[in-house]
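# An overview of the molecular structure
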Amino acid sequence: MSERPEVIHLPEERLRAQLGEVAADLEALRFRLLGVHASLPSAREPDLFSDLRAGIECVLEDRLAPAIEALTGLASGTETAQPARDVH
């Protein structure tokens with residue numbers, strides 16, 4: 001049988017700091033997406049840019065905002081973890 005590597009547990013403060021760093025990275029990605037969104041030309045009719053704009057808005061509101069909020073809460077200790085969905 002293969003031997004499992006030793007798991008090193010970090011102190012709570014360091015774990016919370018790492019969660020805060022991940023939240024900050026996601027916030028930076030949010031700003032990049034906002035920049036892409038702002039650079040799209042406005043269209044009077046549905047077109048490719050409308051689809052891109054709608055897709056970016058969906059990612060910002062439905063995916064990134066909740067993730068940033070949850071990670072920030074976990075990092076500060078104001079939120080408890082929700083049951084995980086399969087992340088694999």
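See the structure above.
Attention in this report is confined to the structure presented alongside it. Note that the structure is predicted; figures quoted are calculated from it, not measured.

This part covers helix 2 (residues 48–76). Between its terminal C-alpha atoms helix 2 stretches 40 Å, which fits the 42 Å expected from 29 residues at 1.5 Å a residue. When helix 2 is considered as a whole, its buried residues turn out to be Arg53, Ile56, Leu60, Leu64, Ile68, Leu71, Gly73, Leu74 and Ala75. N-capping of helix 2 is provided by Asp47, with a side-chain oxygen placed 3.1 Å from the backbone N of Phe49. Following helix 2 by one or two positions, Gly77 has its phi on the positive side, about 85 degrees.

Bringing the nonpolar core into the picture now. Counting residues in hydrophobic clusters, the biggest one holds eight residues: Ala23, Leu26, Leu40, Ile56, Leu60, Leu64, Ile68 and Leu71. Put simply, the parts of the chain that give this core at least two residues each are helix 1 (12–39) and helix 2. No other element matches helix 2, which puts five residues into this core. When near neighbours in sequence (up to four residues on either side) are disregarded, Leu64 contacts Leu26, Leu29, Arg30, Leu33 and Val59.

Turning to the packing of aromatic side chains, a few remarks are in order. Counting across every chain of the model gives zero aromatic pairs. The ring of Phe31 carries Arg30 above its face, with NZ or CZ at 4.8 Å from the centroid.

Where nonpolar side chains cluster on the molecular surface, the patch consists of Ile8, Leu10 and Leu15 and spans about 290 Å² of accessible area. Of note, Leu10 is situated in the segment before helix 1. A relative accessible area of 38% places Leu10 in the partly exposed class.

Before going further, it helps to spend a moment on the packing of helix 1 against helix 2. Interaxial distance between helix 1 and helix 2 falls to 9 Å at its minimum, and their mutual angle equals 160 degrees. On the basis of their axis angle, the class for helix 1 and helix 2 is roughly antiparallel. Regarding helix 1 and helix 2, the two cross each other, and that crossing is left-handed. Among the residues making up the contact of helix 1 with helix 2, the classes are represented as 17 nonpolar, four polar and five charged.

Here we come to the pattern of salt bridges. In total, this model carries three salt bridges according to the counting rule given. Arg16 is the partner of Glu12 in a salt bridge, and the nearest nitrogen-oxygen pair spans 2.8 Å. Residue Glu12 and its partner Arg16 are located together in helix 1, separated by four residues, close to a single helical turn. In this structure, Glu21 engages Arg14 in a salt bridge whose closest nitrogen and oxygen atoms are separated by 3.4 Å.

Definitions and limits used
- Residues numbered from 1 in each chain as written.
- Predicted model: local features only at pLDDT ≥ 70, side-chain atom pairs only at ≥ 80, totals over all residues.
- Heavy atoms only, no water.
- Helix = DSSP H or I, 4+ residues; strand = E, 2+ residues; numbered from the N terminus.
- Expected span 1.5 Å × (residues − 1).
- Buried < 20%, exposed > 50% of the residue type's maximum accessible area, 1.4 Å probe, protein only.
- Polar contact = N/O pair within 3.5 Å; in protein donor to acceptor, adjacent residues only side chain to side chain.
- Core = buried A, V, L, I, M, F, W, Y, C linked by side-chain atoms within 4.5 Å.
- Contact = heavy atoms within 4.5 Å.
- Phe/Tyr/Trp six-rings, centres within 6.5 Å; stacked < 30°, edge-to-face > 60°.
- Lys NZ or Arg CZ within 6 Å of the ring centre and 35° of its normal.
- Patch = residues over 30% accessible without salt bridge, like charges linked within 9 Å, V, L, I, M, F, W, Y side chains within 5 Å.
- Areas by Shrake-Rupley, 256 points an atom, 1.4 Å probe, with all protein chains shown as cover.
- Salt bridge = Lys/Arg side-chain N within 4 Å of Asp/Glu carboxyl O.
- Axes fitted to C-alpha atoms, helices over the stretch in contact; angles between N-to-C directions.
- Parallel < 35°, antiparallel > 145°, perpendicular 65-115°, else oblique.
- Left-handed = near helix turned anticlockwise from the far one by under 90°.
- Nonpolar A, V, L, I, M, F, W, Y, C, P; charged D, E, K, R; others polar.

Scope: geometric values only; no functional claims are made or implied.
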